[in-house]
Every structure is written in structure tokens, then in C-alpha cells.
Amino acid sequence: MVVELIKSKKMAGRALLMAGAPGTGKTALALGIAQELGPKVPFCPMVGSEVYSSEVKKTEILMENFRRAIGLRIKESKEVYEGEVTEVTPEETENPLGGYGRTISHVVIGLKTTKGSKQLRLDPSIYEALQKENVNLGDVIYIEASSGAVKRVGRSDAFASEFDLEADEYVPVPKGDVHKKKEIVQDVTLHDLDMSNAKPQGGQDLISMVGQLAKPKKTEVTEKLRTEINRVVNKYIDQGIAELVPGVLFIDEVHMLDIECFTYLNRALESSLSPIVVFATNRGLCTIRGTDVLAPHGIPVDLLDRILIIRTMPYSLEEIVQIISIRSETESIEVDEDALVAMGEIGARTSLRYAVQMLTPARIIANTSGRDAISNGDVEEVDELFYDAKSSAKVLAASEGYLT
């Protein structure tokens, strides 16, 4: 249901809270949502304690993750010249600065497709780009008309029989005309746009080179820059060039955030560009960090009012057995039926995590005994060797804080 809400894009700017005891599958549910949404929808996971950094403000880290969870699908129509290279002739001229040297004034490139061929007279900078890409006669390339960017696609398959063995990739000669329009779709996040505008790369002078070599210090993106990027993004959306893809921001251990972060989240959820936020916590009634106020899940009441709460229940015995069975298959561990049931019972008594962690030690004991499959006896032996959290706490309570 949550996935359908996200896919319909009707839930942007809303929040969900997964509340339940440890080991009830809150993080697993969030990862399941990410898998179901697919790679095209941004999914940004973070833990509440990540916001406490010595270099950057807490609110800045929250905003960064908010922007990472908002995608932008940009559709561009580019004019390109594409084909197999039949000719590359640089034309030289006298050096305008004097002296005996000669410079390249322009370059003549011949391109051939299945439909026809064309000769292009291009700028000398294109010749440099061709040399960088190691373009030879018989290679398939495309040149962007607007930017002059050159991309070598591969070697034409007409030359495939030239050598018995070659590392080059052979591609068919392009179909259609040499000059054509191409629809290119790019997926970026708003954080990518922030970073590319906050730290423009380049500059050939010595200071720029030293600056690039030095260890980059984490800098904050100004609110003014973000507002400017939002304005450009909104303009692109209105023109139909770009489409906004609200993703998912998953904040685990949300009770670790303090009152400043919660106040900021209230404002961020109200903004026009906002993702779906999924919180997870295993706390019941506890104090809000930074205050003495008791609140459900350690979250202020005004933020809880904006949240849909999903309660995660502990797993039943059958579900624990099924999860351990899937986990053993994934790890290629053979387990007998009665051993699976025994592990399920231990998981129900202690916790699912403890039961899953028993798999590897049990396999080592089985292998030591010369068996491939884990038996009931191996499980009992591992349970005697190790303590789970509840047993350990019981022993400590009985022995005045020391293990005896």
C-alpha cells in the first residue's frame, strides 16, 4: 500500500512512522519499499545520530538528505552527428602569432551511415577531442552539435574480420541520416545540482590546481543557492523539460534527533519540494532529546500529528522458522527440519536476530563433527555456548553486575 502511495506521487511531503520492538522488521520493510520502487526512484537511508557532525550544522545534514531523496528526470533533445569515420583531415595555417610554427585552423571529418555520408568542417577544438578519444578511421562516433562533445561508441563491425582477436568492441554502422535529433533522459537528484553549483570544478591556474589537490572540507550549501536552484527546477517543470520524482527519505532511530531537528522537519515537510519521509523507532514513551518533555516515541506531538503510524508486530513461531529457512538458503547452509523448529523456538523465546546469528556457529560445529547439515544437537550446543541479551541481563541482575 505504501509503495502504491509513493508511485502515485500523491504522498509527497507526508510522513510515515514504523514503530515496534527491536527485531520486528522495520528496517527490512524500508529496504523492501526501496527494492519495490526500483532504481529510478531515489531512496536515501540515514540514521538519527548521523546529524551530529563537528563540521556541519544538524539542519544542513537533514536538508542534504532531503534533497538526495528528490529526483529530477530531465528530458533533452540533442542534435548530433553520428556515423562511421571515413576521413579526418586537419587543415593547417600560418601561426597568427608569428614564428615558424603552424596551427590547425579547422578539421574536416567524413561520417558515413547506412543511409548516406557527410563531410563536416569543424572547429580545431574538435580535433583535440578526437585525439583524446583515440578516434581512428573506421570508428563509430557521435558529435553533439551544441557543445561539440565527441564520444567514441566503438569500432565499425565492417572491420570485425580484420584481426582474429581484438579488445575493441564492434558496433553496427548507425542507421538513418548522419545529422539527427536524439532524445536523452537524465536522472539527477536535487543534491547533485546543489553540489555541482556549490563547487564548480576547473580553472587552469596554479591556485585552482592546488585547491583541487587539497583535502576538500565539507562545506554548507547556502539557502540562497538552493532557492535559485529551486527556481530553475520549477521553470524546467513548467516548460515540460523536467519531471519531479519525489523519492523516499528513511530515518532510522528517529528518537536520536533533538528538538531543533524536529522543528526543522516540520518546516521541511511543509515545503513544495519534499520527499516521502519514513521514520523508524523502537522507543515507547521517552523524553525528546534536548528537552525534559516526555512524548510518544520521543517525537514532539505537533510532528506526530502529521505522521501516519504503522505498528510492526513481533514475528510468530512459523514466520521465524520461515525467515531462518530463507536465510540458511541464502548462506548455502543445510539445516534439518527439527533443527529449524528448534531455532524457531529459541527465536520466539529470545529474539529473531539471536536465532539467525546461531546459523554460522552451528554450521562450524556440524562441519567439525563431519556432517554437512545442522542437526538439533548442534543448535542445543550453540545455545549452551552463547548467551542472548535476555539471558545475559538475567545473569547480571542475579550476580550484582558481574558474570559468574
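Given the structure is predicted, the values throughout are model-derived calculations rather than measurements.

A. Focus on the packing of aromatic side chains. Under the defined criterion, the tally for this structure stands at zero aromatic pairs. Arg 289 extends its terminal NZ or CZ atom over the ring of Tyr 52, reaching a point 4.5 Å from the ring centre.

B. How the structure looks around the nonpolar core. Residues Ile 251 and Phe 279 are the most contacted members of the largest nonpolar core, which totals 30 residues. Among the secondary structure elements, those contributing two or more residues to this core are strand 1 (15–20), strand 2 (43–47), helix 3 (58–68), strand 11 (248–252), helix 8 (259–270), strand 12 (276–281) and helix 9 (301–304). Phe 279 has contacts with Ala 15, Leu 16, Leu 17, Met 18, Ile 251, Val 254, Leu 265 and Ile 307, leaving out every residue within four places of it along the chain. Ile 333, Leu 359, Ile 374 and Val 379 belong to the second largest nonpolar core, which has 21 residues in total.

C. Up close: the environment of Pro 42. Relative to the assigned elements, Pro 42 resides in the loop between helix 2 (26–37) and strand 2. A relative accessible area of 13% places Pro 42 in the buried class. Residues Pro 42 and Gly 71, spaced 29 residues apart in sequence, show a C-alpha to C-alpha distance of 6.0 Å. Other than its neighbours up to four places away in sequence, Pro 42 contacts Arg 68, Ala 69, Ile 70, Gly 71, Val 245, Gly 247 and Val 248.

D. Representation of helix 4 (residues 124–132) in the model. Looking only at helix 4, the buried set comprises Ile 126, Tyr 127 and Leu 130. The arc enclosing the buried residues of helix 4, seen along the axis, measures out at 105°, which places them on a common side. Those residues of helix 4 that are exposed and aimed more than 90 degrees away from the buried face are Glu 128 and Lys 132. Taken together, the buried residues of helix 4 touch strand 3 (70–94), strand 4 (102–112), strand 5 (117–122), strand 6 (139–144) and strand 7 (150–156). Immediately downstream of helix 4, the backbone of Asn 134 shows phi near 55°, a positive value.

E. View of the side chain of His 191. As for its placement among the helices and strands, His 191 is situated in helix 5 (residues 190–198). Under the relative-accessibility criterion, His 191 is labelled buried at 7%. Side chain to side chain, His 191 and Arg 68 meet in a polar contact 3.4 Å long. Not counting chain neighbours up to four residues away, the residues in contact with His 191 comprise Glu 64, Arg 67 and Arg 68.

F. The pattern of salt bridges, seen in detail. In the structure shown here, the tally under the stated rule is 17 salt bridges. Residue Lys 180 pairs with Glu 82 through a salt bridge whose shortest N-O separation is 3.2 Å. In this pair, Lys 180 is assigned in strand 9 (residues 179–189) and Glu 82 in strand 3, connecting sequence segments 98 residues apart. The burial state of Lys 180 is the same as that of Glu 82; both residues are buried. Asp 378 serves as the salt-bridge partner of Arg 371, at 2.8 Å between the closest nitrogen and oxygen. For Arg 371, a relative accessible area of 32% corresponds to the partly exposed category.

G. Representation of unusual backbone geometry in the model. Positive phi is not limited to glycine here, since His 297 has a value of about 60°. Within the secondary structure, His 297 is located in the loop between strand 14 (294–296) and helix 9. By relative accessible area, His 297 is classed as buried at 15%. One non-glycine residue, Ser 332, lies in the positive phi region at around 55°. Of note, Ser 332 is situated in the loop between helix 10 (317–330) and strand 16 (334–335).

Quick notes on the rules
Residues numbered from 1 in each chain as written. Predicted model: local features only at pLDDT ≥ 70, side-chain atom pairs only at ≥ 80, totals over all residues. Heavy atoms only, no water. Phe/Tyr/Trp six-rings, centres within 6.5 Å; stacked < 30°, edge-to-face > 60°. Lys NZ or Arg CZ within 6 Å of the ring centre and 35° of its normal. Core = buried A, V, L, I, M, F, W, Y, C linked by side-chain atoms within 4.5 Å. Buried < 20%, exposed > 50% of the residue type's maximum accessible area, 1.4 Å probe, protein only. Helix = DSSP H or I, 4+ residues; strand = E, 2+ residues; numbered from the N terminus. Contact = heavy atoms within 4.5 Å. Arc of directions from axis to C-beta. Polar contact = N/O pair within 3.5 Å; in protein donor to acceptor, adjacent residues only side chain to side chain. Salt bridge = Lys/Arg side-chain N within 4 Å of Asp/Glu carboxyl O.

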